[in-house]
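In case you want the letters, here they are:
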Amino acid sequence: YYDASSTTTTIIGIDGSRLPPGQGIAGATQNFFLTTNGQSSTTNFTQTDNTDKLSSYFGSLEYDIIENVTGTVELRQTSQDKTQDIIRNSFIPNVVRPLGLFPGQNWSYSNYHAALRWQVTPAAMVYVSAGNGTKAGGFNQRATFASEVSFGPEKSRAYEIGAKTSWLENRLQVNVAIYDNKTTDMQFSGSSDDPTNVGLVTKNFGGTENQGFEIEVGARPVPELLLNVG
């Protein structure tokens with residue numbers, strides 16, 4: 001369980017000196033950064049209060065199915081509440097909502113991890129595992145479109161099969177694994193769908209999937225020397 005709160009303030013400015021003669025900031029954004037006399041601005045452009053409350057319940061069960069074969073199941077249930085209170089936002093027009101408390105949002109999700117291990121010999125173990133993970137959603141302080149005020153959770157799942165072995169009275173260890181990982185609804189920071197919004201917003205996009213294998217070898221030819229390669 002945790003309960004967190006924070007206040008963030010953005011002060012727009014370049015530095016404390018005047019711009020050299022003949023130089024300036026091109027485009028409409030120049031008025032955001034400079035005062036009329038050319039000095040950098042110290043105006044508090046944005047100020048936001050945020051709260052984040054999370055409670056999570058976790059359980060793990062391990063069971064010896066038959067001799068040398070063990071199964072493990074782990075479950076986690078999470079509930080997360082976030083709020084965003086916009087005190088000031090003069091960087092962009094706030095056309096979606098008036099300044100002030102934006103209604104909080106809750107993200108509830110379940111995660112699991114399951115594994116099956118077979119101790120083939122005292123020096124060799126084979127396993128298979130599956131699990132998933134979740135990264136909670138959040139708010140965009142600079143959103144001007146209602147669809148971009150908040151973004152959803154990012155989700156992942158992972159499958160793996162492998163073996164861990166030991167040889168030559170533990171002087172040589174060889175571990176191998178094959179995995180398949182997939183992430184969906186990835187959270188990326190980028191341009192807003194509003195062409196007049198020059199701020200960055202976080203949105204959910206597609207996903208990625210990757211497969212691969214790993215080989216790890218550790219050798220101790222003499223007690224004073226350990227060699228690792230992967």
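Criteria and cut-off values
- Residues numbered from 1 in each chain as written.
- Predicted model: local features only at pLDDT ≥ 70, side-chain atom pairs only at ≥ 80, totals over all residues.
- Heavy atoms only, no water.
- Helix = DSSP H or I, 4+ residues; strand = E, 2+ residues; numbered from the N terminus.
- Contact = heavy atoms within 4.5 Å.
- Areas by Shrake-Rupley, 256 points an atom, 1.4 Å probe, with all protein chains shown as cover.
- Patch = residues over 30% accessible without salt bridge, like charges linked within 9 Å, V, L, I, M, F, W, Y side chains within 5 Å.
- Salt bridge = Lys/Arg side-chain N within 4 Å of Asp/Glu carboxyl O.
- Buried < 20%, exposed > 50% of the residue type's maximum accessible area, 1.4 Å probe, protein only.
- Polar contact = N/O pair within 3.5 Å; in protein donor to acceptor, adjacent residues only side chain to side chain.
- Pairing = 2+ DSSP bridges.

Asker: Tell me what's going on with the overall build of the chain, and back it up with residues and numbers.
Answerer: Within the chain, the secondary structure is distributed over 1 helix and 11 strands. Each helix (α) and strand (β) of the chain, taken in turn from the N terminus, gives the series β-α-β-β-β-β-β-β-β-β-β-β. Expressed as a percentage of contacts within the chain between residues at least 6 apart in sequence, the contacts between residues at least 24 apart total 60%. Of the roughly 14400 Å² of accessible surface on the chain, 57% is carried by carbon and sulfur atoms.

Asker: Break down a nonpolar patch on the surface for me, citing the residues and quoting the values.
Answerer: Together, Tyr 63, Ile 65, Ile 66, Leu 116, Val 128, Ile 161, Val 176, Ile 178, Phe 213 and Ile 215 make up a nonpolar patch on the protein surface, roughly 980 Å² of accessible area in all. Put simply, the parts of the chain that give the nonpolar patch at least two residues each are strand E2 (44–66), strand E9 (172–191) and strand E10 (200–222). With 3 residues, E2 is the single largest residue contributor to the nonpolar patch. Within the secondary structure layout, Ile 66 lies in strand E2.

Asker: Before we move on, could you go through the pattern of salt bridges and cite the residues and values that matter?
Answerer: In total, this model carries 6 salt bridges according to the counting rule given. With a shortest N-O distance of 3.8 Å, Lys 203 and Glu 148 are connected by a salt bridge. Note that Lys 203 is positioned in strand E10 and Glu 148 in the loop between strand E6 (138–139) and strand E7 (150–151), a separation of 55 residues in sequence. Neither residue differs from the other here; Lys 203 and Glu 148 are each classed as buried. Note that Glu 169 and Arg 171 form a salt bridge whose closest N and O atoms lie 3.5 Å from each other. On the basis of relative accessibility, which here comes to 73%, the residue Glu 169 falls in the exposed class. Residue classification places Arg 171 among the partly exposed residues on the basis of a relative accessible area of 41%.

Asker: I'd like a description of the side chain of Asn 111, backed by residues and values.
Answerer: Inspection of the secondary structure assignment puts Asn 111 in strand E4 (residues 100–121). Since its relative accessible area comes to 12%, Asn 111 is described here as buried. Within the local environment of Asn 111, its side chain forms a polar contact with the side chain of Thr 134, the two groups lying 2.9 Å apart. For Asn 111, the residues in contact, after removing those within four places along its chain, are Glu 74, Leu 75, Arg 76, Asn 132, Gly 133 and Thr 134.

Asker: Outline the environment of Gln 105, supporting the account with residue identities and numerical values.
Answerer: Note that Gln 105 resides in strand E4. The class for Gln 105 is partly exposed, based on a relative accessible area of 27%. Sequence separation between Gln 105 and Ser 150 is 45 residues; the distance between their C-alpha atoms is 8.7 Å. In this structure the side chain of Gln 105 is engaged in a polar contact, spanning 3.2 Å, whose partner is the side chain of Ser 150.

Asker: Tell me about the pairing of strand E8 (residues 154–167), and name the residues and values.
Answerer: In regular strands, side chains alternate between the two faces of the sheet. Inspection of the sheet shows strand E5 (residues 124–135) paired to E8 by 12 bridges, in the antiparallel sense. Bridging from a neighbouring strand, Gly 131 pairs with Ala 158 of E8. Hairpin connection between E8 and E9: a loop of 4 residues separates the two successive antiparallel strands, and Leu 168 in this loop has a positive phi of roughly 50 degrees.

Asker: Provide a residue-level description of the side chain of Thr 183, including the pertinent values.
Answerer: Checked against the element boundaries, Thr 183 lands in strand E9. Owing to a relative accessible area of 17%, Thr 183 belongs among the buried residues under this scheme. If we ignore the near neighbours within four places in the chain, the residues touching Thr 183 are Glu 154, Lys 155, Ser 156, Gly 206, Gly 207 and Thr 208.

Asker: Summarise the environment of Asn 50; cite the residues concerned and give the values.
Answerer: Looking at the element boundaries, Asn 50 is found in strand E2. Here the alpha-carbon distance between Asn 50 and Thr 8, two residues 42 residues apart in the chain, equals 8.2 Å. Excluding residues that lie within four positions of it along the chain, Asn 50 makes contacts with Ala 4, Ser 5, Ser 6, Thr 8, Thr 83 and Gln 84.

Asker: Report on unusual backbone geometry, specifying residues and quantitative values.
Answerer: Even without being glycine, Glu 169 reaches a positive phi, approximately 55 degrees. Of note, Glu 169 is situated in the loop between E8 and E9. Backbone geometry places Asn 170, a non-glycine residue, at a positive phi of 70 degrees. Among the structural elements, Asn 170 can be located in the loop between E8 and E9.

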